[in-house]
Amino acid sequence: MISHITLGTNDLNKAIGFYDQILGLIGAKQVAKTEDVVFYAFPGSDTKLSITKPHNGKPATFGNGTMLALKVNSNELVKEIYQLAISLGSTSEGKPGPRNENAYFASYIRDLDNNKIAIFHRDNSLSA
């Protein structure tokens, strides 16, 4: 089981302002916070997301090929989160729409530190 996933940031307070709003739309809440890291918990899941300043003191960088995917419960929520993220300074990596021959509905953004995030909804009647 995955305990948590970590994304780096160079400005923790700015990242918290961003993630509090984005993750709040899907019911996630802060469960721990220090001057270097914040942890978010998601409803119905033991897996956490941490946003942290790198422990080694070097600048945070995004991983090429690394992506966080957030599963939401509707296409409308995919659109809402995407629009909020863009209004908060995210960059678009793919506007909301159907993907993979309509297997799911998704949008893709880069957060304020350039970490890639997918927001997607898949109809439960479709295969996993």
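Data block above holds the structure.
Let me begin by describing the structure that accompanies this report. (Residues numbered from 1 in each chain as written. Predicted model: local features only at pLDDT ≥ 70, side-chain atom pairs only at ≥ 80, totals over all residues. Heavy atoms only, no water.)

## Section: the sheet that holds strand β1 (residues 4–8)
Sheet architecture is open: four strands sit in the order β1-β4-β3-β2, paired in mixed fashion. In this open sheet, the two edge strands, each paired with only one partner strand, are β1 and β2 (29–33). Each neighbouring strand pair of the sheet contributes to a mean axis angle of 25 degrees, computed without reference to strand direction. The pairing of β2 with strand β3 (residues 37–41) spans four bridges and is antiparallel. Bridging from a neighbouring strand, Gln 30 pairs with Tyr 40 of β3. Here helix α1 (residues 12–24) sits on the sheet in contact with β1, β2, β3 and β4 (48–52), set at roughly 5 degrees to β3. (Pairing = 2+ DSSP bridges. Helix = DSSP H or I, 4+ residues; strand = E, 2+ residues; numbered from the N terminus. Axes fitted to C-alpha atoms, helices over the stretch in contact; angles between N-to-C directions. Contact = heavy atoms within 4.5 Å.)

## Side note on the packing of aromatic side chains
If you walk through the whole model with that rule in mind, you get two aromatic pairs. Geometrically, the ring pair formed by Phe 18 and Tyr 19 is edge-to-face, given 5.0 Å between the ring centres and 85 degrees between the ring planes. The same class applies to Phe 18 as to Tyr 19, namely buried. Relative to Phe 120, the ring of Tyr 104 lies with its centre 6.2 Å away and its plane at 80 degrees, an arrangement referred to as edge-to-face. (Phe/Tyr/Trp six-rings, centres within 6.5 Å; stacked < 30°, edge-to-face > 60°. Buried < 20%, exposed > 50% of the residue type's maximum accessible area, 1.4 Å probe, protein only.)

## Things to note about the side chain of Arg 110
With respect to the helices and strands, Arg 110 occurs in strand β7 (residues 104–110). A distance of 3.4 Å separates polar atoms of two side chains, one belonging to Arg 110 and the other to Glu 93. Within the local environment of Arg 110, its side chain forms a polar contact with the backbone oxygen of Asn 114, the two atoms lying 2.8 Å apart. Sequence-distant contacts of Arg 110, that is, excluding residues within four places in its chain, are made with Phe 62, Ser 90, Thr 91, Glu 93, Asn 115 and Lys 116. (Polar contact = N/O pair within 3.5 Å; in protein donor to acceptor, adjacent residues only side chain to side chain.)

## What to know about the pattern of salt bridges
Throughout the structure, instances matching the rule amount to three salt bridges. Lys 53 is the partner of Asp 36 in a salt bridge, and the nearest nitrogen-oxygen pair spans 3.4 Å. Of the two residues, Asp 36 sits in the loop between β2 and β3 while Lys 53 sits in the loop between β4 and β5 (67–71), which places them 17 residues apart along the sequence. On the accessibility criterion, Asp 36 (35% relative accessible area) is partly exposed. Residue class for Lys 53 comes out partly exposed when judged on its relative accessible area of 33%. (Salt bridge = Lys/Arg side-chain N within 4 Å of Asp/Glu carboxyl O.)

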